[in-house]
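Single-letter residue listing:
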Amino acid sequence: MKDIKEKIQESNSIIIAGHVNPDGDTVGAGLALLLGLEKKYPNKKIEFVLQDEVPKNISFLKGSNKIKNIKDIEKIDYDLAIFVDSATIERVGDVQKLIGDIFKINIDHHISNPKYGNINIVRDISSTSEIMYSLLKDLEIEISLEMGEAIYLGLVNDTGNFAHSNVTDKTFLVASQLMALGVNNNKIVNDFFKTKSYERMKVLGKALSEMVFVKEKKLMYFYLPYNELKGLNATKDDTEGVVEELINYSGSEVSLFLREEENGKIKGSLRSKHGADVNKIANIFGGGGHIKAAGFTTELSTEEIIKIVVENL
Ligand code: 5GP
Ligand code: MN
């Protein structure tokens, strides 16, 4: 902790990097850190940069307009890079190009994280946002309401609204302390979960009507080709939540959602209900994550992917 503090103090320009297809945890943790560092060190240049746009149902967070998209950034020589919620360096996508060979702090909660930073705070807890709460306290940064809301959204995102097995008494303690700061649980949860676009509802409907169940392996899967996504006038953000819905079936032990990207590659999302380790399966395709939630991107065909997943369950 002392090293992190010193490193931040001696750096004049700092880049915070989050993962591609950003979710509430990477945005929440990164935004809380950005706002906290800006307040504590007003003379430093600090930027939070993402390859992809902040999804619509996260952009209600105050201060999220300060998050930079890679296309709006001119490359400068940063002194320090802080990675949030990114299991590998490659997970930040094109933002890597802004970073290069500088000092790296890696703040993450994925068990697959190889600890690629010069300093690593990698803990197997609910979310990077839960780590960020204690980190900010350790850095003696006062948590404002805006920062608290960002962290709270990260908790809600990665715990499935405090429903997953990654929730501990400590997670609730952080949530409780954030509510004591003034965070409105009901508002955050409604803004996040109950503001889905029409297209997103359509994608979900398509998934629920076309999903396939592999009985022997208790696997529920759904594949969405790119042209069908476009046919629904939808974007990749509109596919969030599909994989969680597929695991809700009483017979499902594992769910798999495959989405074709514009470049033809396939993005896979895996969830498991009880024992199955989907991190191991994602590793086969070069991805990773957690035991019960993992992902990957691959050039293999859907048939090949499904075959490999079924064989390894
Ligand atoms: P999702 O399926 O929602 O994209 O991701 C589930 C979990 O797996 C998240 O914790 C996410 O960070 C991680 N994950 C998703 N895709 C990848 C990937 O390509 N590589 C790695 N290492 N982790 C991933
Ligand atoms: Mn996370």
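This is a predicted model, so every value here is computed, not measured.

Within the UniProt annotation, "domain: DHHA1" (unreviewed entry) is assigned to residues 220–308. As annotated, residues 220–308 has a helix share of 28% and a strand share of 30%, and its two end C-alpha atoms lie 14 Å apart.

Moving on, we get to the sheet that holds strand β12 (residues 293–298). Spatially, 6 strands are ordered β7-β8-β9-β10-β12-β11 in an open sheet, and the strand pairing comes out mixed. Strands with a single pairing partner mark the edges of an open sheet, and in this sheet they are β7 (212–214) and β11 (288–289). Bridging between β11 and β12 involves 2 bridges; their strand directions are antiparallel. If you follow G289 over to β12, its bridge partner there is A294. With respect to the sheet, helix α12 (residues 302–312) is in contact with β7, β8 (219–224), β9 (254–260), β10 (266–272) and β12, its orientation differing from that of β9 by roughly 165 degrees.

For helix α2 (residues 24–40), with 17 residues, the first-to-last C-alpha span of 24 Å sits near the 24 Å given by 1.5 Å per residue. A large share of α2 lies buried, amounting to 14 of its 17 residues.

Let us now look at the domain arrangement of the protein chain. Domain annotation for the protein chain reports domain 1 (2–193) and domain 2 (198–311). On a C-alpha basis, the centroid separation for the pair domain 1 and domain 2 is 26 Å. Tallying the contact residues gives 10 residues for domain 1 and 12 residues for domain 2. Of the roughly 890 Å² buried where domain 1 meets domain 2, counting both sides, 42% is carbon and sulfur surface. At the junction of domain 1 with domain 2, the criterion picks out 1 salt bridge.

Moving on: the coordination of the manganese ion (ligand 2). Each pair of donors in an ideal four-coordinate tetrahedral metal site encloses 109.5 degrees, whereas pairs in an ideal six-coordinate octahedral site enclose 90 or 180 degrees. Coordination of the manganese ion (ligand 2) by the protein involves D25 (OD), D85 (OD), H109 (NE2) and D158 (OD), with metal-donor separations of 2.2 to 2.3 Å. When the donor residues of the manganese ion (ligand 2) are listed from N- to C-terminus, their spacing reads D-x59-D-x23-H-x48-D. Taken together, the residues span a long stretch of sequence, with D85 in the loop between β4 (80–84) and α3 (96–99) and H109 in the loop between β5 (103–108) and β6 (119–122) at a distance of 24 residues. When its relative accessible area of 1% is taken as the criterion, D85 is described as buried.

Within the element layout of this structure, S127 appears in the loop between β6 and α4 (128–138). Given a relative accessible area of 0%, S127 falls into the buried group. A polar atom in the side chain of S127 sits 2.9 Å from the side chain of S126. Within polar-contact distance, the side chain of S127 engages the backbone nitrogen of E130 at 3.1 Å. S127 has contacts with D25, H109, G154, L155 and D158, leaving out every residue within four places of it along the chain.

Quick look at the site of ligand 1 now. Taken together, 14 residues form the shell around ligand 1, and within it H110, K267, S269, R271 and G288 come nearest. With respect to ligand 1, the side chain of H110 contributes an N or O atom lying 2.6 Å from an oxygen atom. Measuring from an oxygen atom of ligand 1, one finds a backbone N or O atom of G295 at 3.3 Å. About the coverage of ligand 1: the protein hides 84% of its 490 Å² of free accessible area. The element that contributes the greatest number of residues to the shell around ligand 1 is β12, accounting for 4 residues. Within the shell around ligand 1, the residues separate by chemical class into 4 nonpolar, 7 polar and 3 charged. When residues of the shell around ligand 1 are sorted by domain, at least three fall in each of domain 1 (2–193) and domain 2 (198–311).

Turning next to the pattern of salt bridges. It is possible for side chains bearing opposite charge to pair when their charged atoms get close. Scanning the entire structure with this criterion turns up 17 salt bridges. K5 serves as the salt-bridge partner of E140, at 2.4 Å between the closest nitrogen and oxygen. Residue E140 is located in the loop between α4 and α5 (145–158), and its partner K5 is located in helix α1 (residues 2–10); the two are separated by 135 residues in the primary sequence. Salt-bridge contacts for E149 lead to K62; the nearest nitrogen and oxygen are separated by 3.2 Å. You can see E149 sitting in helix α5 and its partner K62 sitting in the loop between β2 (45–50) and β3 (68–69), a full 87 residues away along the chain. Overall, the relative accessible area of 12% leaves E149 in the buried class. Among the charged side chains, a salt-bridge network with shared partners connects K45, E47 and K68.

Conventions and cut-offs
- Residues numbered from 1 in each chain as written.
- Chains lettered and ligands numbered in written order.
- Predicted model: local features only at pLDDT ≥ 70, side-chain atom pairs only at ≥ 80, totals over all residues.
- Heavy atoms only, no water.
- UniProt positions renumbered as here; feature names shortened; annotations may be inferred.
- Helix = DSSP H or I, 4+ residues; strand = E, 2+ residues; numbered from the N terminus.
- Pairing = 2+ DSSP bridges.
- Contact = heavy atoms within 4.5 Å.
- Axes fitted to C-alpha atoms, helices over the stretch in contact; angles between N-to-C directions.
- Expected span 1.5 Å × (residues − 1).
- Buried < 20%, exposed > 50% of the residue type's maximum accessible area, 1.4 Å probe, protein only.
- Domains from an automatic or database assignment.
- Buried area = accessible area lost by both parts, 1.4 Å probe.
- Salt bridge = Lys/Arg side-chain N within 4 Å of Asp/Glu carboxyl O.
- Donors = N, O, S within 2.8 Å, 3.2 Å for Na, K, Ca; no water.
- Polar contact = N/O pair within 3.5 Å; in protein donor to acceptor, adjacent residues only side chain to side chain.
- Near = heavy atom within 4 Å.
- Areas by Shrake-Rupley, 256 points an atom, 1.4 Å probe, with all protein chains shown as cover.
- Nonpolar A, V, L, I, M, F, W, Y, C, P; charged D, E, K, R; others polar.

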